[in-house]
Amino acid sequence: AQRLEALGEENPDCPEAWMWLGRLALTLPDIPGALDFFGQAYALRPDDHEILAWLGDAQRRGGDLDAARDSLRQAHELEPGDLVVACKLANCDVDAGRLFDATKVLSDTLGRYPSVSELYLLRGLTYRQLRKNEEAESDLRTCLTLSPTTAAALAILADICRENNQ
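Rules of the game
Residues numbered from 1 in each chain as written. Predicted model: local features only at pLDDT ≥ 70, side-chain atom pairs only at ≥ 80, totals over all residues. Heavy atoms only, no water. Core = buried A, V, L, I, M, F, W, Y, C linked by side-chain atoms within 4.5 Å. Buried < 20%, exposed > 50% of the residue type's maximum accessible area, 1.4 Å probe, protein only. Helix = DSSP H or I, 4+ residues; strand = E, 2+ residues; numbered from the N terminus. Contact = heavy atoms within 4.5 Å. Salt bridge = Lys/Arg side-chain N within 4 Å of Asp/Glu carboxyl O.

## Examining the nonpolar core
Here is step 1: Counting 30 residues, the largest nonpolar core has Leu119, Leu140 and Ala153 as the members making the most contacts within it.
Here is step 2: Taken together, the elements giving at least two residues each to this core come down to helix H4 (49-61), helix H5 (65-78), helix H6 (83-95), helix H7 (99-112), helix H8 (117-129), helix H9 (133-146) and helix H10 (151-163).
Here is step 3: The leading source of residues in this core is H6, at six residues.
Here is step 4: Residues contacting Leu119, with those up to four places away along its chain left out, are Leu83, Cys87, Leu106, Thr109, Leu110 and Tyr113.
Here is step 5: Within the second largest apolar cluster, 13 residues are counted, among which are Trp18, Ala25, Ile51 and Ala58.

So this is what it looks like as structure tokens:
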């Protein structure tokens, strides 16, 4: 850790050094430190979708969902094909209670990655929160077709069936 901090001090104009420090801080977890380090990287390279994604992740973990959504949305707009960024944005939207926004991000991402079972699971869980049980059931069944041992999909599907007396 000290060696990485020295790296940041020795190379203050190197966004990669600040990124490594931010990642390390997140594992500790030192959210204020991570925010500072990712902020340093962002100041050096504000149009880097990876830096924005990590900054948004730290902001989300720190509870600043508005800032996190802004950072993650910018990252997603810069690189709409990045699956990890799309999932982080959708999860942040769910945390912020913006379920319709989350389903849109997930639907758009499924258009690019139709065989990723986790996307169907996430969208199914989001539909479930919206009380759209038919859509949730469809996504959860697709998730199970792609990945038959997904316990979360099985559990939620069982709840839906129980509610429908099936």
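## Quick notes on the pattern of salt bridges
Here is step 1: Per the counting criterion, the structure on display carries 15 salt bridges.
Here is step 2: The salt bridge partner of Arg141 is Glu137, with a shortest N-O separation of 2.9 Å. With Arg141 and Glu137 both in helix H9 and four residues apart, the pair spans about one turn of that helix.
Here is step 3: Exposure remark for Glu137: the relative accessible area of 17% places this residue in the buried category.

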